[in-house]
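Tertiary structure, described
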Amino acid sequence: MVEFKNGALGTIEGSTAIYAGYPEKLEIHGCDGSIVLESGKIVDCKLRNPIDLNLEKVKGTTSASTDPTAVALDLHITQFEHIIDCIQNNKEPEVNGEEAIKVIRLLDAIYESSKTGKTIYL
């Protein structure tokens, strides 16, 4: 459980102990809507002010949970292209090192809280 400064709550769940075949999933729910991503694709979206997202339903499993070679490379390639563009054009990346380290700090806090059973404040 993660509590943000504004009082919003979040849940982060990860497991390697579930039955194989489920795609990786990210769900974001808020006051103005919800969005669900599976295998890197938006599969459901309900918004207070709807927009057309042309959703593509994920059929079958292309998840790395059953086949490590099923991980799509296109998102990795996009990241590399973005970094190369930033270097070549002296631009700030969309996610800089200072922002990226926040994720590492959060993960470290999750592990520390798990070990100690205590609330960790960041």
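Report on the accompanying structure. (Residues numbered from 1 in each chain as written. Predicted model: local features only at pLDDT ≥ 70, side-chain atom pairs only at ≥ 80, totals over all residues. Heavy atoms only, no water.)

A word on the overall build of the protein chain. Regarding its fold elements, the protein chain presents 2 helices and 5 strands. When the 122 residues of the protein chain are sorted by exposure, 9% land in the buried category. A total accessible area of about 10800 Å² is found for the protein chain, and carbon and sulfur atoms account for 56% of it. (Helix = DSSP H or I, 4+ residues; strand = E, 2+ residues; numbered from the N terminus. Buried < 20%, exposed > 50% of the residue type's maximum accessible area, 1.4 Å probe, protein only. Areas by Shrake-Rupley, 256 points an atom, 1.4 Å probe, with all protein chains shown as cover.)

Taken in spatial order, the 3 strands make up an open sheet running β3-β4-β5, and their pairing is antiparallel. Edge positions in the sheet fall to β3 (25–30) and β5 (41–47), since each has one partner strand and no second. For this sheet the average axis-to-axis angle between neighbouring strands, irrespective of direction, equals 5°. In the sheet, β3 pairs with strand β4 (residues 33–38) via 6 bridges, with the strands oriented antiparallel. Of the residues in β4, the one forming a bridge with K25 is E38. (Pairing = 2+ DSSP bridges. Axes fitted to C-alpha atoms, helices over the stretch in contact; angles between N-to-C directions.)

A few words now on helix α1 (residues 74–88). Note on helix geometry: an α-helix contains 3.6 residues per turn, so any two residues three or four positions apart are oriented the same way. Between its terminal C-alpha atoms α1 stretches 21 Å, which fits the 21 Å expected from 15 residues at 1.5 Å a residue. One or two residues past the end of α1 sits N90, with phi positive at roughly 50°. (Expected span 1.5 Å × (residues − 1).)

Positive phi outside glycine occurs at N90, with the angle close to 50°. According to the relative accessible area criterion, N90 is exposed, its value standing at 73%.

Between its first and last C-alpha, helix α2 (residues 97–116) extends 28 Å over 20 residues, near the 28 Å set by a 1.5 Å rise per residue. Sitting at the head of α2, N96 places a side-chain oxygen 3.1 Å from the backbone nitrogen of E98. A positive phi of about 75° marks G117, the residue just after α2. (Polar contact = N/O pair within 3.5 Å; in protein donor to acceptor, adjacent residues only side chain to side chain.)

Applying the stated rule across the entire model yields 6 salt bridges. Between K25 and E38 there is a salt bridge; the shortest N-O distance is 3.6 Å. With a gap of 13 residues between them, K25 in strand β3 and E38 in strand β4 connect regions that are remote in the sequence. Across the pair D85 and K91 runs a salt bridge, and its minimum N-O distance is 2.5 Å. Judged by relative accessible area, K91 falls into the partly exposed class, the value being 44%. Beyond isolated ion pairs, a larger network of salt bridges with shared partners links K25, E27 and E38. (Salt bridge = Lys/Arg side-chain N within 4 Å of Asp/Glu carboxyl O.)

Looking now at the environment of F4. With respect to the helices and strands, the residue F4 is situated in the loop between β1 (2–3) and β2 (9–10). Each C-alpha atom, one on F4 and one on L122, is 9.6 Å from the other, the two residues being 118 residues apart in sequence.

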